[in-house]
Amino acid sequence: MAEIVIRNLRKEFGEFTAVQSSSFKVEDGEFFMLLGPSGCGKTTTLRMIAGLELPTSGEIYIGGEEVGQRPASERDIAFVFQMFALYPHMNVRRNISYPLVSQGMPRAQVREKVAEVAKILGIEEILDRPVGGLSGGDRQRVALGRAIVREPKCFLMDEPLGALDAEFREHMSEELRKLHDRMGATTVYVTHDQLEAMQMGDKIVVMNHGVIEQFGTPQDIYDKPASLFVADFIGSPSMNFLRFHGSLEAGATEAVLSHQPLGIPALREPFDGDMVYGVRPEHVRLSDSAGYRGEIVAAEYLGTTQIVTLATPNGEVKARIASDQPARVGETVGLAFNGATATLFDNQTGRAIR
Ligand code: ATP
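Residues numbered from 1 in each chain as written. Predicted model: local features only at pLDDT ≥ 70, side-chain atom pairs only at ≥ 80, totals over all residues.

For clarity, the cut-off: UniProt positions are given in the numbering used here, feature names are shortened, and annotations may be inferred rather than shown by experiment.
Per an unreviewed UniProt entry, the protein chain carries the name ABC transporter ATP-binding protein and comes from Paralimibaculum aggregatum. Under the heading Sequence similarities (unreviewed entry), UniProt records this for the protein chain: "Belongs to the ABC transporter superfamily."

So, in structure tokens, the structure goes:
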């Protein structure tokens, strides 16, 4: 078992707190994403799990053992950076077998392991080639091969696809996910790319300024964002935010914006003050019969869909609609929101009101 439990983990660099009291759990075999903008503390969190950085306080358990103050070499993990760190003077086979040879594994067994890994990664043909002349993709596979050949309890990956162009990146992210499904090793993966996190992760932790904003499945995080930050960071185009002031009772299923009632999931608690009505572009329809109105200011054609931007009394709204639906710039139209999918936020704290 290689579940990873992080409890009240904190890291200070002098006066600066890079990670503030984080707690989360990575289940055995899970593909787990640490997601957030640059500088939010995700790499520092990963480096603490790896043992490359010692926590200021808090605990790290790998497979039930507290390892927070132990050196990296005693943690049975493989750390994969952007995957180009190969030994240029060695061929593919020697690059992959290096970790095993340096552990003193007998030659025959090394050959067997390398063959197995090469098969998984589809690089049997290039085992005897020097790494210098390989394509970017093959070099990535070799670097991965070197990480997986030791069969560590878990993999820690820091933006491993960061250096690749968009198309190849997508291809490699699919390969990585397939590889994970085949091997089943617990993986913690750092990225600032929300799409990559949504596509690859079983679970996602979203971080901002050293704080965990939300922890959940991609679907949870997309459908039920816990804060304005998460709602804005996840999804492209991001969620629409309509600002308004009002007073809502517990159980309310409507919020009134510009004299028009808009549906919301029933509230558990009453709320009074400045709020934000959040709704995703795919949950906005143009409808003649809707009382809430907006003026079309732009329409962006995307093939099967188009993104229509409208000016409304509560701010700009984007609607993702079928591209064959007429949407003329300058026209004023009704907007219907799918209230069941909407999220209300407290404008002051930025937290979701449920
Ligand atoms: P990026 O994607 O840019 O690497 P990140 O979310 O991974 O961002 P971290 O690298 O964890 O962020 O850094 C978090 C904060 O801690 C940053 O403000 C960074 O400048 C700071 N930091 C990281 N390492 C150190 C260090 N050794 N000394 C001082 N400050 C540091």
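Next comes the rest of the description.
### Looking at the pairing of strand S1 (residues 4–13)
Where a strand is regular, its side chains alternate between the two sheet faces. Put simply, the rule is: If DSSP finds at least two bridges between two strands, the strands pair. Each helix is a run of DSSP H or I of at least 4 residues and each strand a run of E of at least 2, with the numbering of both proceeding from the N terminus.
Here five bridges tie S1 to strand S4 (residues 57–62), and the two strands are oriented antiparallel to one another. Note on S4: the bridge partner recorded for Arg7 is Glu59. The pairing of S1 with strand S2 (residues 16–26) spans seven bridges and is antiparallel. Note that in S2 the partner of Val5 across the bridge is Lys25. Hairpin remark: S1 followed by S2, antiparallel, with two residues in the connecting loop; positive phi at Gly14, about 60°.

### Let's talk about the sheet that holds strand S18 (residues 315–322)
The cut-off we apply is this: Every axis in this analysis is a line fitted to C-alpha atoms, fitted for helices over the stretch in contact. Angles between the N-to-C directions lie between 0 and 180 degrees.
An order of S15-S19-S16-S17-S18 is seen for the five strands of this open sheet, with the pairing classed as antiparallel. In this open sheet, the two edge strands, each paired with only one partner strand, are strand S15 (284–286) and S18. On average, each strand axis in the sheet is inclined to that of its neighbour by 45°, with strand direction left out of account.

### A closer look at the pairing of strand S9 (residues 203–208)
As paired strands, strand S3 (residues 31–35) and S9 are joined by four bridges and run parallel to one another. Across the sheet, Phe32 pairs through a bridge with Lys203, a residue of S9. Where S9 and strand S10 (residues 211–216) come together, five bridges link them in antiparallel fashion. The residue bridging Val206 from the neighbouring strand is Gln214, located in S10.

### Thoughts on the sheet that holds strand S20 (residues 343–346)
Taking strand neighbours across the sheet as the criterion, the four strands line up as S11-S14-S20-S21 in an open arrangement whose pairing is antiparallel. A strand with exactly one partner marks an edge of an open sheet, and here the two such strands are strand S11 (240–248) and strand S21 (352–353). In this structure, S11 lies alongside strand S14 (residues 271–279), joined through nine bridges in antiparallel fashion. Its bridge partner being in S14, Leu248 is matched across the sheet by Phe271.

### Structural notes on the nonpolar core
Rules: In this usage, the nonpolar core is the set of buried Ala, Val, Leu, Ile, Met, Phe, Trp, Tyr and Cys residues whose C-beta atoms join them within 7 Å. Neighbour density around each residue's C-beta defines its exposure: 20 or more other C-beta atoms within 10 Å make it buried, 12 or fewer make it exposed, and counts between make it partly exposed, where C-beta atoms are placed from the backbone. Two residues qualify as a contact pair if the distance between their C-beta atoms, derived from the backbone, is within 7 Å.
Counting 87 residues, the largest nonpolar core has Cys154, Leu156, Val188 and Tyr277 as the members making the most contacts within it. Excluding residues that lie within four positions of it along the chain, Cys154 makes contacts with Ala2, Ile4, Ile62, Ile77, Ala185, Thr186, Thr187 and Val188.

### Some points on the packing of helix H2 (residues 92–102) against helix H3 (residues 107–121)
Note the cut-off: Angular relationships are summarised with four words: roughly parallel below 35 degrees, roughly antiparallel beyond 145, roughly perpendicular across 65 to 115, and oblique for the angles in between. In a left-handed crossing the near helix is turned counterclockwise from the far helix by less than a right angle, and in a right-handed crossing that turn is clockwise. Residue polarity follows a fixed list, in which Ala, Val, Leu, Ile, Met, Phe, Trp, Tyr, Cys and Pro are nonpolar, Asp, Glu, Lys and Arg are charged, and the others, Gly among them, are polar.
The contact between H2 and H3 brings their axes to 10 Å, and the two run at 130°. With respect to their mutual orientation, H2 and H3 come out oblique. Once H2 is placed against H3, the crossing between them reads as right-handed. Contact residues: Arg93, Ile96, Ser97, Leu100 and Val101 in H2; Val110, Lys113, Val114 and Val117 in H3. A breakdown of the residues in the contact of H2 with H3 according to their chemical character gives six nonpolar, one polar and two charged.

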